[in-house]
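Here are the chains, one letter per residue:
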Amino acid sequence: MERVGLLGGSFNPIHYGHLHLARAALDSGYVDRVLFLPSGNPPHKHDGLADKQFRYEMVELALTDETGMEVSREEIDRPGVIYTVDTLRRLHAQMPQSELIYLIGADTLRLLDTWRRIDEVIGVCGFLVMLRPGEDDAEAARYAQVWRSRGARIDFLAAGKMEISSTQIRAAAASGEPLTDEVPLLVEGYIRSHGLYGSDQGDGHSMKRDKMLYKLRKTLDAQRFEHTLGVEETARKMALMFGVSEEKASLAGLLHDCAKCMTLSQMVKAARHLPLDPVMKESKALMHSVAGMCIAQTVYGVTDPEVLGAIRWHTTGRAGMTRLEKIIYLADMIEPHRKPYPGLEELREACLTDLDEALLMALRMSLDHVRQQGKTLHPDTMAALAYYELEQ
């Protein structure tokens, strides 16, 4: 019989602590999968509660690439006040061959007598109590014995602890602090883009550089972070040579690879509101620039269309690129930490004198590289190459 773990809550917002509990239950082998149940209209929580659809979609984003975890609309789509007993009855009817096991903390175990129609609840589901370090195991065992005497099925699991609070996350969002340590990147982007919890949606100001650097260190591997700093510095120097805003070049260079270490499915989710061609959706190397543009906007607060365009086109290029777009495209290829490749030094020399000549050289090198791999150049790069060859 399949054992389905149920993890309910307002998820206002979902955070790494919730994912940690679900993963602990799965890794223990006690449950086969975990079903997240964001509440639509809980009986006890209302102050500061984000719209139920927002909370559902944040859970959905958080579970991208998480195996064994799903989110249910069971409590989202029902009108009126939602009680657990009604949800369990419906789930039992939908999955009569599955054993339902509610995942709770020791604090919830002490409050089970406050649940509506608790005797019906314990007749439909068992409980897995997720014990955290420092909790009173003996006290929890005494409560469990009382409930077992009433027919409840209760087991315990040492789940570890993550010091994360939804209240603290909401406060951090309101003050513009990074949420990197508390929520997945896609969830943070959703919070920012929808202006949830008093976050600074659409105020026209990007995140301060020190906060950007902190977030980039957390979300990129060491080699990619070093590359990022190299692109930023190279782009700033090129901007000075070719009459482009140093500030914009620095910002675009710093964030050009902000999505690089995401999985492909996370990248596609980040850019879900944009039209994506099939080739792009199958390639991390191409997709990260589009996702990066979206993450730069939603997570890092970038609103400047020139900067966003430079991030967007830094992998494929396009016909009729702006000078900033050309600079970021080239800085990505020539920054000082790049491993040597044929033509690199010649390209670096060209970047010191003629932006268009250097760009055409870089596009031709991309064509040669892709052909050597037996692949086809992306249509946007082909269009850029044709455009700049005609310009010569």
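Here the structure is shown first, and the text comes after it.
Residues numbered from 1 in each chain as written. Predicted model: local features only at pLDDT ≥ 70, side-chain atom pairs only at ≥ 80, totals over all residues. Heavy atoms only, no water.

S.K.: Go over the overall build of the protein chain, please, and point to the residues and values.
M.R.: A tally of helices and strands in the protein chain yields 19 helices and 6 strands. Principal-axis analysis of the C-alpha atoms places the extent of the protein chain at approximately 85 × 45 × 40 Å. Considering the protein chain as a whole, with its 392 residues, one finds that 50% of them fall into the buried category. Restricting to contacts in the protein chain with at least 6 residues of sequence separation, those with at least 24 account for 69%. Summed over its atoms, the accessible surface of the protein chain is roughly 18,200 Å², and 50% of this surface lies on carbon and sulfur atoms. Seen as two clouds, the 46 positive and the 56 negative side-chain charges of the protein chain have centres 3 Å apart. (Helix = DSSP H or I, 4+ residues; strand = E, 2+ residues; numbered from the N terminus. Buried < 20%, exposed > 50% of the residue type's maximum accessible area, 1.4 Å probe, protein only. Contact = heavy atoms within 4.5 Å. Areas by Shrake-Rupley, 256 points an atom, 1.4 Å probe, with all protein chains shown as cover. Lys, Arg positive; Asp, Glu negative; His and termini not counted. Charge placed at Lys NZ, Arg CZ, Asp CG, Glu CD.)

S.K.: Which residues make up the side chain of histidine 256, and what values go with them?
M.R.: If you trace the backbone, histidine 256 turns up in the loop between α11 (246–255) and α12 (264–270). The exposure class assigned to histidine 256 is buried, which follows from its relative accessible area of 0%. Within the local environment of histidine 256, its side chain forms a polar contact with the side chain of histidine 227, the two groups lying 3.2 Å apart. Among the polar contacts made by the side chain of histidine 256, one reaches the side chain of aspartate 332 at a distance of 3.3 Å. In contact with histidine 256, other than residues within four places in its own chain, are His227, Thr228, Val231, His288, Ile311, His314, Ile328 and Asp332. (Polar contact = N/O pair within 3.5 Å; in protein donor to acceptor, adjacent residues only side chain to side chain.)

S.K.: Talk me through the pattern of salt bridges; I want residue IDs and the actual numbers.
M.R.: One pass over the full model with this rule turns up 30 salt bridges. The partner of arginine 89 in a salt bridge is glutamate 120, with the nearest N and O atoms 3.3 Å apart. On the criterion of sequence distance, the pair formed by arginine 89 in helix α3 (residues 84–94) and glutamate 120 in helix α5 (residues 118–124) is long-range, its members being 31 residues apart. Among the residues examined, arginine 89 registers a relative accessible area of 41% and is labelled partly exposed. A salt bridge links arginine 364 to glutamate 389, with the shortest nitrogen-to-oxygen separation between them at 3.5 Å. In this pair, arginine 364 sits in helix α18 (residues 355–372) while glutamate 389 sits in helix α19 (residues 379–391), placing the two residues 25 residues apart along the sequence. Relative accessible area serves as the criterion here: at 37%, glutamate 389 is assigned to the partly exposed category. One connected set of salt bridges, linked through shared partners, spans Asp86, Arg89, Arg117 and Glu120. (Salt bridge = Lys/Arg side-chain N within 4 Å of Asp/Glu carboxyl O.)

S.K.: Lay out the sheet that holds strand β3 (residues 69–71) with the relevant residues and their values.
M.R.: The 6 strands are arranged β3-β2-β1-β4-β5-β6 in an open sheet whose pairing can be described as parallel. The open sheet is flanked by β3 and β6 (154–158), the only strands paired with a single partner. Adjacent strand axes in the sheet meet at a mean angle of 30° when their direction is disregarded. Relative to β6, strand β5 (residues 125–131) runs parallel, the two being bridged by 5 bridges. (Pairing = 2+ DSSP bridges. Axes fitted to C-alpha atoms, helices over the stretch in contact; angles between N-to-C directions.)

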